Amino acid sequence: MMKNVSILGSTGSIGRQSLDVIEKLEGINVVALTAGTSVGLMAEQCRKFVPELAVMASEEAAKKLAAEISDLPTRVSWGEAGLIEAAELPAADRWYLELQGANSSADVYLDGKKLAHHDGGYSTWRVDLTADLKDECLLVVAVDNAPNETVYPQMADFTFYGGIYRDVNIVCVSESHFDLDYFGGPGIAVTPAIEGKDAKVTVETWLTGKKDGQTIRYTITSRCGCKNWTVETADTKAVLEIKDVHLWHGRKDPYLYCVEAELIEDGKVIDNVCTRFGCRSFEIHPENGFILNGEEYPLRGVSRHQDRWGIGNALLPEHHEEDMDLICEVGATTIRLAHYQHDQYFY
């Protein structure tokens, strides 16, 4: 699912860091950038990300920017009106607030009305804002990390932090969409089963508001993008067969396929969701240990926490990547993600 983002203050230090992160990620489209008077830097950012809208603080700066990027399709605006437009939500039937980590209990209010409560600081959760959303409103997420007797963990040998420390998104969908309400899940599950040299891949989806006549197109793509397996059906579950499957074999050959499910209405895709998966078999033998694809595969690993000096739990993608590089450098073949759900980026 493609995410559209607007970066407010894109030429400031936080804005530049945000764009650096976005540049490394797939599936994110920058639709708007706003800045003060740094015309040169804003022009560079517009050429790199080609947003639909660029907003400057003053009319003079906006005119200079428009002249510098006149060859781009980016529209240039300025002042308060431009800032409000940059922050405007795209057209949709339903709008969800998605929090990927808020420690450890949180309440969501819209214009003072309590919409949701969530316990647990490490899991993704969502709140449907649609019924109470207006053109202008105040959204408040009140997070509490005070000691209590109900929210795990109660005590442990690692540091407990507080506040919103992972990404926050507004997810905009049609009335019919892949489910967003089931415990923060993505609305899709993939289960491969190896049969000789082939694999049968069961793909199950969950839908909200499904209508008669709608179909789901399931597509598996090889890593190179050169092979596809597709089936279209009205069912929320499908089985696709991959002949001569390329097995996932740990660090030696971590081969992954991609599966995408598209919800189709009147010939148009109105929602989609995708995920990566590997095909493998495994067993635990009482004498030979862990067996992967019929071969012995020694498990040598580490226990990893999401924690950094001076950063706490609020890790950026480069921190996750550095952790993985260090884990691979020591020769680990397995990781224990202790003791909670980690950021989806690490998976």
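Predicted, not measured: the structure shown is a model, and the values here were computed from it.

## Concerning the environment of Lys 197
1) Next: Mapped onto the elements of the fold, Lys 197 is located in the loop between strand 14 (188–195) and strand 15 (198–205).
2) Next: By relative accessible area, which is 67% here, Lys 197 ends up exposed.
3) Next: Residues Lys 197 and Val 245 lie 48 residues apart in sequence; the distance between their C-alpha atoms is 6.2 Å.
4) Next: Filtering out sequence-adjacent residues up to four positions away, Lys 197 remains in contact with Lys 243, Asp 244 and Val 245.

## A word on the nonpolar core
1) Next: Ile 220, Ile 242, Tyr 257 and Phe 277 are the most contacted members of the largest nonpolar core, which has 22 residues in total.
2) Next: Where this core is concerned, the elements lending two or more residues are strand 15, strand 17 (215–221), strand 19 (237–242), strand 20 (257–265) and strand 21 (268–277).
3) Next: Among the elements that line this core, the one with the most residues is strand 20, at four residues.
4) Next: The residues contacting Ile 242, other than those within four sequence positions of it, are Asp 198, Ala 199, Val 201, Ile 220, Trp 229, Tyr 257 and Phe 277.
5) Next: Grouped together as the second largest cluster of nonpolar side chains are 18 residues, Leu 19, Val 30, Val 39 and Ala 54 included.

## What to know about the packing of helix 1 (residues 13–24) against helix 2 (residues 39–49)
1) Next: Following both chains from N to C, one finds helix 1 and helix 2 inclined at 15°, their axes separated by 12 Å at the closest point. In terms of orientation, helix 1 and helix 2 fall into the roughly parallel class. As for the relative orientation of helix 1 and helix 2, their crossing is left-handed in sense. For the pair helix 1 and helix 2, contact is made by Arg 16, Leu 19, Ile 22 and Glu 23 and by Leu 41, Gln 45, Lys 48 and Phe 49, respectively.
2) Next: When grouped by side-chain class, the residues that make up the contact of helix 1 with helix 2 number four nonpolar, one polar and three charged.

The rules behind the values
- Residues numbered from 1 in each chain as written.
- Predicted model: local features only at pLDDT ≥ 70, side-chain atom pairs only at ≥ 80, totals over all residues.
- Heavy atoms only, no water.
- Helix = DSSP H or I, 4+ residues; strand = E, 2+ residues; numbered from the N terminus.
- Buried < 20%, exposed > 50% of the residue type's maximum accessible area, 1.4 Å probe, protein only.
- Contact = heavy atoms within 4.5 Å.
- Core = buried A, V, L, I, M, F, W, Y, C linked by side-chain atoms within 4.5 Å.
- Axes fitted to C-alpha atoms, helices over the stretch in contact; angles between N-to-C directions.
- Parallel < 35°, antiparallel > 145°, perpendicular 65-115°, else oblique.
- Left-handed = near helix turned anticlockwise from the far one by under 90°.
- Nonpolar A, V, L, I, M, F, W, Y, C, P; charged D, E, K, R; others polar.

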